[in-house]
Amino acid sequence: MSTADPGRTLRNSVLVVGAGPAGLSAALALRAAGMPATVLDRRVQGTVRPGSRAAYLHGASLRALEQLRPGLGQEIADHGVMWATKRSYWAGREIYTRTYPPLQRDGLPPFTSLPQVRTEDLMAAACRDRGVLFHWGVEVTSAESSPDGVRLVDSAGAAWEADYVIAADGSRSALRSAIRSRLEGPRSRNTFVVVDLDDNPAQPMPLERVFHYKHPRVDGRNVLLVPFAGGWRVDLNLLLNDAAEKFTSPEGLRDWIPRVMPESYSERVRWVSTYRFAQQLADRFTDDHSRVLLTGEAAHLFAPFGARGMNSSIPDAIRAVHAVCEALSAASPEAAAAEIRRFEAERKEAAQYNRSCAGAALEHMLAHRPSVWLRRRAAAAVAVAGSKAGAWLDSAPYGPKLAARGTAKSSY
Ligand SMILES: Cc1cc2nc3c(=O)[nH]c(=O)nc-3n(C[C@H](O)[C@H](O)[C@H](O)COP(=O)(O)OP(=O)(O)OC[C@H]3O[C@@H](n4cnc5c(N)ncnc54)[C@H](O)[C@@H]3O)c2cc1C
């Protein structure tokens, strides 16, 4: 699709900015509600964003996508992989293993693991199928809201008008800045090196999720190995004084990857990224006129342990579309604004909960607090395969499993 001509203003009832998981979910939700859906994204069509991103999709997300577009959840699950075995080690000693029996029932699995780019491709194809209109190469640079709607301007000077804008423009959201919402919250002091490696069919690895506390072959750093369709994600938890370049340079990778994976994998590196994980929420999820709704990473950033980023962007987007549909048919401007503020209150509460779960996981990984450090050590001293202590050490790096109010899965 071509971008709008500069100087020409296009009016929409709803515009979605950003074609990541949040924006694509919003577009599908709009179409499912019988509304037209238009998405603006600054990327040139078909370009792949560099770096590692999400892989792990919860069953709740698959079910939500299946509802938006029958067949989509199943299709994503069919492309992804599941592992039946999870394993943990403490300083090289195995402390936990569990292998689940094969799934007996038909239908959507409890999770799937697929690179985010491939999940997005499947979602975008479903959007096209549903008649979603994409405008690629459109970078929104400013937004102004009023009691009547929102006016966006893009980098080419074109204006776009809408009654409501669903902001899904990611962690550096221009829309978040435009509505003067600020991110609040800490960032991890430690750096994490995240490496995506392509599978080596000549030297296949068992399909298992493996976590190493204090891996002895990398001088006691934590290492997480997670399979996804077509490859492996390796997270190396650097120590506070580590220089990241030592681990991310080609020589560095050739040195440490063979210590935690079969040697040939060090030649199969697809992406290497370093992160200090943010644990931040926007202080407001909508503007003064309740016309712009922040979703996904425009609204919150979480450490990835427990996989709450993309998995919570999907319900954010669905809830935003629901609020907008209610607002568009509300009896008065006050009632419309109240619908949007309800969205804000609900998704902010969910984001606070998700941040605290991801925070618990991060704290457990880093063990900076003496109480966590001691608890981990005490559990490791008694953990043997099958013990409760081992099960706790295996699961704690992902944070609490249950959601607030004990209803839905952890992504909510
Ligand atoms: C290493 C790593 C591992 C992760 N693992 C997981 C995981 O396993 N499970 C999970 O749930 N989450 C995970 N996450 C988080 C997940 O990647 C994000 O939560 C998710 O990408 C957020 O989706 P989004 O749509 O909000 O933003 P994004 O994916 O960032 O999409 C934003 C879109 O907006 C566009 N855009 C930006 N600015 C503009 C603009 N001004 N105008 C127009 N378009 C614009 C961008 O081009 C992009 O297409 C992980 C993250 C990292 C870094």
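Residues numbered from 1 in each chain as written. Predicted model: local features only at pLDDT ≥ 70, side-chain atom pairs only at ≥ 80, totals over all residues. Heavy atoms only, no water.

What holds strands together in a sheet is hydrogen bonding between their backbones, with the strands either parallel or antiparallel. With respect to topology, 3 strands assemble into an open sheet ordered S11-S17-S19, the strand pairing being antiparallel. This sheet does not close on itself; its edge strands, each paired only once, are strand S11 (183–184) and strand S19 (300–301). Two strands pair when backbone bridges link them, and strand S17 (residues 280–282) and S19 are joined in this way by 2 bridges, in the antiparallel orientation. Residue Leu281 lies in a different strand from S19, and its bridge partner there is His300. The strands touched by helix H9 (residues 333–366) are S11, S17 and S19; relative to S17, the strand with the most contacts, the crossing angle is about 170°. (Pairing = 2+ DSSP bridges. Helix = DSSP H or I, 4+ residues; strand = E, 2+ residues; numbered from the N terminus. Contact = heavy atoms within 4.5 Å. Axes fitted to C-alpha atoms, helices over the stretch in contact; angles between N-to-C directions.)

Right, let's get into the site of the ligand. What surrounds the ligand is a group of 34 residues, the closest being Asp41, Arg43, Gln116, Glu297 and Asn311. Backbone polar atom of Ala55 to an oxygen atom of the ligand: 3.2 Å apart, as the coordinates give it. In this structure, an oxygen atom belonging to the ligand sits 2.8 Å away from a side-chain N or O atom of Gln116. Elements with a minimum of two residues in the shell around the ligand: helix H1 (21–32) and helix H8 (309–328). In terms of residue count, the dominant contributor to the shell around the ligand is H8 (4 residues). Residues that form the shell around the ligand fall into these classes: 16 nonpolar, 9 polar and 9 charged. When residues are assigned to domains, the shell around the ligand turns out to be shared by domain 1 (9–87 + 108–186 + 280–361) and domain 2 (194–275), each giving three or more. (Near = heavy atom within 4 Å. Polar contact = N/O pair within 3.5 Å; in protein donor to acceptor, adjacent residues only side chain to side chain. Nonpolar A, V, L, I, M, F, W, Y, C, P; charged D, E, K, R; others polar. Domains from an automatic or database assignment.)

It is worth spelling out the side chain of His215 at this point. Relative to the helices and strands, His215 is located in strand S13 (residues 208–215). For His215, the side chain forms a polar contact with the main-chain nitrogen of Arg217, separated by 3.1 Å. Ignoring any residue separated from it by four or fewer positions in sequence, one finds His215 in contact with Gly220, Arg221, Val223, Arg259 and Val260.

Bringing unusual backbone geometry into the picture now. One non-glycine residue with positive phi stands out, namely Lys214, at about 50°. Considering the arrangement of structural elements, one finds Lys214 in strand S13. Given a relative accessible area of 29%, Lys214 falls into the partly exposed group. The backbone of Ser290 shows a phi angle near 55°, a positive value even though the residue is not glycine. Looking at the secondary structure, you find Ser290 in the loop between S17 and strand S18 (292–294). A relative accessible area of 4% means that Ser290 is categorised as buried. (Buried < 20%, exposed > 50% of the residue type's maximum accessible area, 1.4 Å probe, protein only.)

If you trace the 7 strands from one edge of the open sheet to the other, you get S5-S4-S13-S14-S15-S12-S16, paired in mixed fashion. Each end of this open sheet is capped by a strand with a single partner; those strands are strand S5 (93–99) and strand S16 (269–275). Strand-to-strand twist of the sheet, defined as the mean angle between neighbouring strand axes without regard to direction, takes the value 10°. Bridge count for strand S4 (residues 85–90) against S13 is 6 bridges, and the pairing is parallel. Of the residues in S13, the one forming a bridge with Tyr89 is His212. On the sheet, H9 packs against strand S12 (192–198), S13, strand S14 (221–228) and strand S15 (231–237) and is oriented at approximately 95° with respect to S12.

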